[in-house]
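Here's the letter readout for the chains.
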Amino acid sequence: MTAPPSTSCDALVIGAGAAGLMCALTAGQRGLRVRVLDHANKVGKKILMSGGGRCNFTNTGTTPANYLSANPHFCKSALARYTPWHFIERVERHGIAYHEKELGQLFCDESSRQIVAMLLAECAAAGVEIRTHCAIERVEHTDAGRFRLHTAQGRFEAPALVVASGGLSIPSMGASGFGYELARQFGHAVLPTRAGLVPLALSGKHAERLHDLAGVALPVEARCNGMAFRNFLLVTHRGISGPAILQISNYWQPGDDLRLDLLPGQDADALLREWQQSRRDAELKTLLAEVLPKRFAQRLCAHWIASKPLRQYAPRELDGIAALLRDWPLVASGTEGYRTAEVTLGGVDTDGLSSRTMMSRHVPGLYFIGEVVDVTGWLGGYNFQWAWASGHAAGHALGG
Ligand SMILES: Cc1cc2nc3c(=O)[nH]c(=O)nc-3n(C[C@H](O)[C@H](O)[C@H](O)COP(=O)(O)OP(=O)(O)OC[C@H]3O[C@@H](n4cnc5c(N)ncnc54)[C@H](O)[C@@H]3O)c2cc1C
């Protein structure tokens with residue numbers, strides 16, 4: 001049996017996610033013939049599930065400081081050339097209503113589906129061909145310097161190949177390590193990967209003492225390795241989650257010291273001293289329940305702080321309690337892993353890529369964009385902004 005004929009185009013894109021679609025429509029609008037291949041049954045699955053179904057599609061406060069990478073300078077060029085305002089202009093042009101939730105985070109008023117529809121409409125208008133259910137079996141680099149893909153739907157060939165296959169988070173949504181394998185095949189280094197923006201698991205005493213408080217939420221400042229995030233913590237059945245914890249999880253690794261300020265923005269010393277003056281006969285656990293969720297305050301006092309009427313505390317005891325409220329040490333045993341992580345930290349080493357075009361320094365015509373690259377954003381729309389910006393950079397460079 002003869003192999004099916006290979007169909008040619010100007011560029012092949014692996015992955016019809018945020019980065020791949022942005023790259024394809026940008027190149028298509030420049031007149032290139034682009035074909036996008038995805039092994040999943042539909043495109044943009046992570047966009048659809050993002051932001052609780054409303055897609056936090058960008059953050060107006062995006063700067064390179066909101067990203068983690070072995071080379072913190074790498075993301076600068078692409079982010080500067082395709083900003084949140086470029087994407088917002090696109091969203092407005094398509095009549096998609098949106099709102100700011102907090103901290104510059106923009107969400108669709110209605111549905112994430114509108115963002116996918118917008119990208120697909122622009123791809124269609126630019127003549128981009130998108131194929132789903134297209135598992136890629138093998139990638140060859142021909143003597144002529146072209147890329148030949150052997151897939152479940154036959155062979156495809158092009159002088160340029162863009163890898164936009166994403167990271168390892170949420171394998172049930174089609175995530176795969178394919179992009180990393182391809183990078184290694186072409187001589188690129190891949191930095192160790194780990195789950196990011198992920199709930200932390202507790203074990204031992206902390207788990208025993210907190211697990212039945214699942215559902216309790218409180219504002220905290222989470223601190224680790226010189227970073228601090230002020231937002232909510234949520235106690236879960238397995239450990240802790242909530243935006244403050246997801247943010248700090250990017251900076252935490254097993255064994256690292258994790259501290260929580262349980263009264264962020266308040267002076268715990270002053271508060272305790274004020275209570276000792278004005279509420280002398282009240283018990284500490286009663287007063288703490290006025291500034292913390294009641295069950296959490298009670299649990300703190302059952303295991304970490306001896307509660308008694310305020311007048312009975314010596315000044316040094318109050319100092320100790322204030323220090324604990326400001327700097328509560330929490331021992332996490334690990335993360336919940338890729339199953340629930342929003343992103344993958346690490347990935348294709350940026351040393352091997354051009355920060356302007358995302359093209360490989362080793363293999364002309366080969367590009368890596370989006371989450372597969374070692375650039376990871378904070379929670380709050382930064383990861384999509386990186387996908388749009390890196391996709392745009394490559395889409396502009398293709399065929400040049
Ligand atoms: C639950 C959840 C919520 C999130 N919410 C937000 C949010 O609100 N805001 C934000 O900024 N970020 C959010 N993120 C992160 C964001 O979704 C990702 O950073 C972003 O989707 C990365 O874009 P990408 O195009 O690089 O990869 P992806 O969007 O993951 O796309 C990769 C594509 O490649 C395909 N693919 C993978 N392997 C293969 C293969 N072997 N062959 C063919 N195709 C393949 C996949 O099917 C997929 O379609 C969220 C993530 C999750 C998991």
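Our subject in this report is the structure included herewith.

What counts, and at which threshold
- Residues numbered from 1 in each chain as written.
- Predicted model: local features only at pLDDT ≥ 70, side-chain atom pairs only at ≥ 80, totals over all residues.
- Heavy atoms only, no water.
- Near = heavy atom within 4 Å.
- Polar contact = N/O pair within 3.5 Å; in protein donor to acceptor, adjacent residues only side chain to side chain.
- Helix = DSSP H or I, 4+ residues; strand = E, 2+ residues; numbered from the N terminus.
- Pairing = 2+ DSSP bridges.
- Axes fitted to C-alpha atoms, helices over the stretch in contact; angles between N-to-C directions.
- Contact = heavy atoms within 4.5 Å.
- Parallel < 35°, antiparallel > 145°, perpendicular 65-115°, else oblique.
- Left-handed = near helix turned anticlockwise from the far one by under 90°.
- Nonpolar A, V, L, I, M, F, W, Y, C, P; charged D, E, K, R; others polar.
- Core = buried A, V, L, I, M, F, W, Y, C linked by side-chain atoms within 4.5 Å.
- Buried < 20%, exposed > 50% of the residue type's maximum accessible area, 1.4 Å probe, protein only.
- Phe/Tyr/Trp six-rings, centres within 6.5 Å; stacked < 30°, edge-to-face > 60°.
- Lys NZ or Arg CZ within 6 Å of the ring centre and 35° of its normal.

The next point concerns the site of the ligand. With respect to spatial proximity, 32 residues lie near the ligand, and among them Ala19, Asp38, Ser176, Glu371 and Phe384 are the closest. At 2.7 Å, a side-chain N or O of Ser176 approaches a nitrogen atom of the ligand. Elements supplying a minimum of two residues to the shell around the ligand: α1 (18-29), α2 (45-49) and α13 (382-397). Broken down by element, the shell around the ligand gets its largest block of residues, four residues, from α13.

Attention shifts here to the sheet that holds strand β7 (residues 105-108). Taken together, the three strands give an open sheet; going across it, the order is β4-β7-β6, and neighbouring strands pair in antiparallel fashion. The outermost strands of the open sheet, each flanked by one partner alone, are β4 (56-59) and β6 (98-100). The mean angle between the axes of side-by-side strands here comes to 25 degrees, regardless of whether they run parallel or antiparallel. Relative to β7, β6 runs antiparallel, the two sharing three bridges. Bridge pairing in β7 places His99 opposite Phe107. Relative to β4, helix α4 (residues 84-93) is tilted by about 140 degrees, and along the sheet it contacts β4, β6 and β7.

Let's shift gears to the packing of α1 against helix α5 (residues 113-125). At a minimum axis separation of 8 Å, α1 and α5 run at an interaxial angle of 30 degrees. Taken together, the axis directions place α1 and α5 in an arrangement best described as roughly parallel. For α1 against α5, the interelement crossing comes out left-handed. Side by side, α1 and α5 meet where Leu21, Ala24, Leu25 and Gln29 of the first sit next to Leu119, Leu120, Glu122 and Cys123 of the second. For the contact of α1 with α5, a count of residues per class yields six nonpolar, one polar and one charged.

Next up on the list: the nonpolar core. Judged by nonpolar contacts, the single largest core of 128 residues is most densely connected at Ile115, Leu161, Leu262, Phe296, Trp386 and Trp388. Among all residues touching Leu161, those that are not within four sequence positions of it are Leu12, Ile14, Val139, Phe147, Leu149, Leu182, Gly365, Leu366 and Tyr367.

Residues of helix α11 (residues 294-303) that are buried: Phe296, Ala297, Arg299, Leu300 and Cys301. Considering only its buried residues, α11 is in contact with α7 (204-210), β15 (217-224), α10 (284-291), α12 (315-326) and β19 (328-329).

Judged by pairing direction, the sheet is mixed, and its four strands sit side by side in the order β1-β11-β10-β9 without closing on themselves. Since the sheet does not close on itself, it has two edges, and those belong to β1 (7-8) and β9 (136-141), each with one partner. Relative to strand β11 (residues 154-158), strand β10 (residues 147-151) runs antiparallel, the two being bridged by five bridges. Across the sheet, the residue bridging to Phe147 is Ala158, located in β11.

The next thing to look at is the side chain of His206. Position of His206 among the secondary structure elements: in helix α7. Beyond its immediate sequence surroundings of up to four residues, His206 is in contact with Trp304, Pro329, Leu330 and Val331.

Okay, the packing of aromatic side chains next. Any pair of aromatic rings gets described here by the distance separating the centres and the angle formed by the planes. Overall, the coordinates contain 12 aromatic pairs when judged by the stated rule. The interplanar angle of 85 degrees and the centroid separation of 4.8 Å between the aromatic rings of Phe229 and Trp378 together place this pair among those described as edge-to-face. Pair noted here: Phe229 is in strand β16 (residues 227-235) and Trp378 is in the loop between β23 (376-377) and α13, with a separation of 149 residues, a long-range link. Summarising the aromatic geometry, the rings of Trp304 and Trp328 are spaced 5.0 Å apart at their centres and angled 80 degrees between planes, so their arrangement reads as edge-to-face. Taken as a pair, Trp304 in the loop between α11 and α12 and Trp328 in strand β19 lie far apart in primary sequence, 24 residues in all. Each member of the aromatic cluster is reached from another via a ring pair, and the members are Phe57, Phe87, Tyr98, Phe384 and Trp388. When the ring centre of Trp304 is taken as reference, the NZ or CZ atom of Arg209 above it lies at 5.0 Å.

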